[in-house]
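# Observations on chain architecture
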Amino acid sequence: MEKEITITQFAKELKQRLQEGRTVDCCKEELLRLADMITEKMGSEKIRVTWKD
């Protein structure tokens, strides 16, 4: 089912899924679109990360 939601709604759902240990494979395309939006609108902002392979 496709629907349009706000970035805030998407972030809330994504955060909940991650906190519950659920997969985010369900929204791979949406995460790629979000990455593009972040690049466009917040490209110079900084975030602290710990990457795990």
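Structure: above.
Residues numbered from 1 in each chain as written. Predicted model: local features only at pLDDT ≥ 70, side-chain atom pairs only at ≥ 80, totals over all residues. Heavy atoms only, no water.

Let us look at the overall build of the chain. The helix and strand inventory of the chain stands at 2 helices and 0 strands. Projected onto its principal axes, the C-alpha coordinates of the chain cover approximately 35 × 25 × 15 Å. Buried positions account for 9% of the 53 residues belonging to the chain. Total accessible area on the chain is roughly 5600 Å²; 52% of this is exposed by carbon and sulfur atoms. (Helix = DSSP H or I, 4+ residues; strand = E, 2+ residues; numbered from the N terminus. Buried < 20%, exposed > 50% of the residue type's maximum accessible area, 1.4 Å probe, protein only. Areas by Shrake-Rupley, 256 points an atom, 1.4 Å probe, with all protein chains shown as cover.)

What follows is about the packing of helix H1 (residues 7–19) against helix H2 (residues 28–42). Where H1 contacts H2, the axes come no closer than 12 Å and their chain directions differ by 125 degrees. Between H1 and H2, the interaxial angle falls into the category oblique. Classified by chirality, the crossing of H2 by H1 is left-handed. Facing Ile-7, Phe-10 and Leu-14 of H1, the residues of H2 in contact are Glu-30, Leu-31, Leu-34 and Met-37. (Axes fitted to C-alpha atoms, helices over the stretch in contact; angles between N-to-C directions. Parallel < 35°, antiparallel > 145°, perpendicular 65-115°, else oblique. Left-handed = near helix turned anticlockwise from the far one by under 90°. Contact = heavy atoms within 4.5 Å.)

As a further point, take H1. In this model, H1 (13 residues) spans 18 Å end to end at C-alpha, consistent with the 18 Å of a helix rising 1.5 Å per residue. Buried within H1 we find Phe-10, Leu-14 and Arg-17. Across the axial projection of H1, the buried residues extend over an arc of 60 degrees, all falling on one side. Turned more than 90 degrees off the buried face of H1, the exposed positions are Thr-8, Lys-12, Lys-15 and Gln-19. Buried residues in H1 make contact with H2. Phi turns positive one or two residues past the end of H1, at Gly-21, with a value near 75 degrees. (Expected span 1.5 Å × (residues − 1). Arc of directions from axis to C-beta.)

Quick look at a nonpolar patch on the surface now. The grouping of Ile-47, Val-49 and Trp-51 at the surface amounts to a nonpolar patch, some 420 Å² of accessible area in total. Within the element layout of this structure, Trp-51 appears in the segment after H2. Its relative accessible area of 74% is what places Trp-51 among the exposed residues. (Patch = residues over 30% accessible without salt bridge, like charges linked within 9 Å, V, L, I, M, F, W, Y side chains within 5 Å. Salt bridge = Lys/Arg side-chain N within 4 Å of Asp/Glu carboxyl O.)

Fair warning: the whole summary comes from geometry, so function is off the table for now.
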